[in-house]
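# Coordinate analysis (summary)
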Amino acid sequence: MLTSNYTFAHALVGGILIGLGSLVAAGASGKIPGISGMFSRLLRPRAGDTAWRALFFVGLIGGAAAAFALVTPAANFRPVASLPLTVLAGLLVGFGTRLGGGCTSGYGVCGLGLGSKSALLATAAFMFSGIVTVFLIRHFGTGMP
Amino acid sequence: MSARLIICLFAGALFGFGLALSGMTDPGRVIGFLDLTGDWDPSLAFVMGGAVTTFGLGMWAWRWRTGGSGWFASRLPTRDNDPADRRLVIGSLVFGIGWGLAGFCPGPAIANLAAMRTEVFAFIPAMAVGMLLARFGFGADRDHCP
């Protein structure tokens, strides 16, 4: 058990592992391994092009389970929304990532890492609306569901 | 199981361990990062910085060494040629609203299945419905981000 408190080192090393996982998946698949895209392709399975994505997600859940068990601050979990609001958030995240073509990993990590201007625009857009949303909830959010 | 599949399993494990270690799976930390005018928590900038740098430098070095060949006769992905159009901007803005509401983006939501959190059992099916709505309602399911 690593029982230290959360530090920026957790953030940085975690980020490096996210980048490494993306790199290995890109090298093995020849594709940009964005989570929203891989997940949506599992909703539309095609023969011969599904197992690698499914196994990536099995690994992702297993890796997270290991970190939750081994690193105390990794298990921190502070939910911020009611269940109805969480459902609404899920709808918006699913719809928006497919309309826009990527999420925090496909655009925010891989796209930016490759120097894509589209990815920069997309990342700026979802950061902006995320910041505005949190601002509005903080200041006008009393009485939200 | 083929070597390619085992490598994808391993890649997912690195990714998932990193997500949980980094604090991205904690919605409170994500909201703390987006809360610029409040008690701002900059940690996610370290996560993004570490991930972008590692992936970007790794791809650059790999391309330099191999001329762009991946494993198993694949070609390394290049930067997408997606037009930076209205659809990309509107979709990303909608995604950001959802991200700011509950503090989940797709990867961390799925990682939290490992802890059987009630919140992600609500979030993930809704996310799948949203994806299907985008596909069948708007024909939007871009292939560049596979």
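Our subject is the structure listed above.
Residues numbered from 1 in each chain as written. Chains lettered and ligands numbered in written order. Predicted model: local features only at pLDDT ≥ 70, side-chain atom pairs only at ≥ 80, totals over all residues. Heavy atoms only, no water.

### Observations concerning the overall build of chain A
What counts is decided by this rule: Helix and strand definitions here come from DSSP, where helices need a minimum of 4 consecutive H or I residues and strands a minimum of 2 consecutive E residues; each element is numbered from the N-terminal end. With a 1.4 Å probe rolled over the protein chains alone, any residue whose accessible area is under 20% of its type maximum counts as buried; one over 50% counts as exposed, and the rest are partly exposed. A 1.4 Å probe and the Shrake-Rupley method give the accessible areas. Residues count as covered only by the protein chains that appear here.
A count of helices and strands for chain A gives 6 helices and 0 strands. Each helix and strand of chain A, placed in order from N terminus to C terminus, yields the pattern α-α-α-α-α-α. For chain A, the spread of C-alpha atoms along the three principal axes comes to 50 × 40 × 30 Å. Within chain A, buried positions represent 57% of all 145 residues. Total accessible area on chain A stands at roughly 5600 Å², and carbon and sulfur atoms take up 73% of it.

### Side note on the nonpolar core
To keep things clear, this is the line we draw: Throughout this description, the term nonpolar core refers to a set of buried Ala, Val, Leu, Ile, Met, Phe, Trp, Tyr and Cys residues connected via side-chain atoms within 4.5 Å. By the convention used here, residues are in contact when the closest approach between their heavy atoms is within 4.5 Å.
Ranked by internal contacts, the top residues of the largest apolar core, which has 75 residues, are A:Ile35, A:Phe56 and A:Leu60. Those residues within four positions of A:Ile35 in sequence are excluded, and the remaining contacts are A:Phe56, A:Phe57, A:Leu60, A:Cys103, A:Ser105, B:Phe15, B:Pro106, B:Gly107 and B:Ile110.

### Some words on the packing of helix α3 (residues 51-70) of chain A against helix α1 (residues 3-22) of chain B
Here is the rule: Lines fitted to C-alpha atoms define the axes here, with helix axes fitted over just the stretch in contact, and angles between the N-to-C directions of these axes take values from 0 to 180 degrees. Left-handed is the label given to a crossing in which the near helix is rotated counterclockwise from the far helix by less than a right angle, and right-handed is the label when the rotation is clockwise. Three classes are used, and their members are as follows: Ala, Val, Leu, Ile, Met, Phe, Trp, Tyr, Cys and Pro are nonpolar, Asp, Glu, Lys and Arg are charged, and the others, Gly among them, are polar.
The geometry of α3(A) relative to α1(B) is characterised by a closest axis approach of 6 Å and an angle of 40° between their N-to-C directions. Our pair here, α3(A) against α1(B), has a crossing hand that is right-handed. When grouped by side-chain class, the residues that make up the contact of α3(A) with α1(B) number 21 nonpolar, 4 polar and 1 charged.

### Here's the deal with α3(A)
The following threshold applies: A helix is expected to span 1.5 Å for every residue after the first.
Here α3(A) is 20 residues long and its end C-alpha atoms lie 28 Å apart, about the 28 Å a rise of 1.5 Å per residue gives. Listed in full, the buried residues belonging to α3(A) are A:Trp52, A:Arg53, A:Leu55, A:Phe56, A:Phe57, A:Gly59, A:Leu60, A:Gly63, A:Ala64, A:Ala67 and A:Phe68. Where α3(A) is buried, its residues contact α1 (8-29) and α2 (35-42) of chain A together with α1 and α5 (106-111) of chain B.

### What about the pattern of salt bridges?
Let me state the cut-off plainly: Salt bridge criterion: a side-chain nitrogen from Lys or Arg within 4 Å of a carboxyl oxygen from Asp or Glu.
What the rule picks out here adds up to 5 salt bridges over all chains. The salt bridge involving A:Arg78 is made with B:Asp26; its shortest N-O contact spans 2.6 Å. Of the two residues, A:Arg78 is situated in the loop between α3 and α4 (83-100) and B:Asp26 in the loop between α1 and α2 (27-34); the pairing between them involves two chains. The exposure class of A:Arg78 is partly exposed, given its relative accessible area of 42%. Residue B:Asp26 is classed as buried on the basis of its relative accessible area of 1%. One salt bridge in this structure joins B:Asp35 and A:Arg138, with 2.7 Å as the shortest N-O distance. Highlighted residues: B:Asp35 in the loop between α2 and α3 (43-66) and A:Arg138 in helix α6 (residues 117-140), drawn from two different chains. A relative accessible area of 5% places B:Asp35 in the buried class. Taken together, the shared-partner salt bridges connect A:Lys31, A:Asp49 and A:Arg53 into one network.

### A few points about the interface of chain A and chain B
Operational definition: Put simply, buried area is the surface a 1.4 Å probe can reach on two separate parts but cannot reach once they are joined, added for both. Whenever two N or O atoms come within 3.5 Å, that pair is a polar contact, provided that in protein one can donate a hydrogen and the other can accept it, and provided that, for residues adjacent in sequence, both atoms are side-chain atoms.
Taken together, the contacts link 110 residues of chain A with 109 residues of chain B. For the pairing of chain A and chain B, the buried interface totals around 10000 Å² over both sides, and the portion due to carbon and sulfur atoms is 76%. For the interface between chain A and chain B, the tally reads 2 salt bridges. Viewed at the interface, chain B and chain A are joined by 15 residue pairs in polar contact (both at pLDDT 80 or more). Those elements that provide at least two residues to the side of chain A that touches chain B are α1, α2, α3, α4, α5 (106-113) and α6 of chain A. Taken together, the residues of the side of chain A that touches chain B break down into 66 nonpolar, 37 polar and 7 charged.

### Considerations on the packing of aromatic side chains
What counts, and what does not: Ring pairs shown here join Phe, Tyr and Trp side chains whose ring centres sit within 6.5 Å, with only the six-membered ring taken for Trp; geometry is labelled stacked below 30 degrees between planes, edge-to-face above 60, and tilted in between. Both a distance and an angle decide whether a charge sits over a ring: NZ of Lys or CZ of Arg must be within 6 Å of the ring centre and within 35 degrees of the ring normal.
Scanning the entire structure with this criterion turns up 12 aromatic pairs over all chains. Between the aromatic rings of A:Phe39 and A:Phe57, the centroid separation amounts to 6.2 Å while the plane-to-plane angle is 85°, which identifies the pairing as edge-to-face. Highlighted residues: A:Phe39 in helix α2 and A:Phe57 in helix α3, separated in sequence by 18 residues. Using a relative accessible area of 13% as the deciding quantity, one classes A:Phe39 as buried. Here the aromatic rings of B:Phe104 and B:Phe123 are separated by 5.2 Å at their centres, their planes lie at 55°, and the arrangement is tilted. Taken as a pair, B:Phe104 in the loop between α4 (86-102) and α5 and B:Phe123 in helix α6 (residues 118-138) lie far apart in primary sequence, 19 residues in all. The exposure classification of B:Phe104 matches that of B:Phe123, with both residues buried. Through successive ring pairs, a cluster of aromatic residues spans A:Phe39, A:Phe56, A:Phe57 and B:Phe15. Between the NZ or CZ atom of B:Arg29 and the centre of the ring of A:Tyr6, over which it lies, the distance is 3.5 Å. Seen from the ring of A:Phe77, B:Arg117 lies directly overhead, with NZ or CZ sitting 4.2 Å from the centre.

### Side note on the environment of B:Val94
Structurally, B:Val94 is set in helix α4. For B:Val94, a relative accessible area of 17% puts it in the buried group. Those residues in contact with B:Val94, other than ones at most four positions away along the chain, are A:Leu92, A:Phe95 and A:Gly96.

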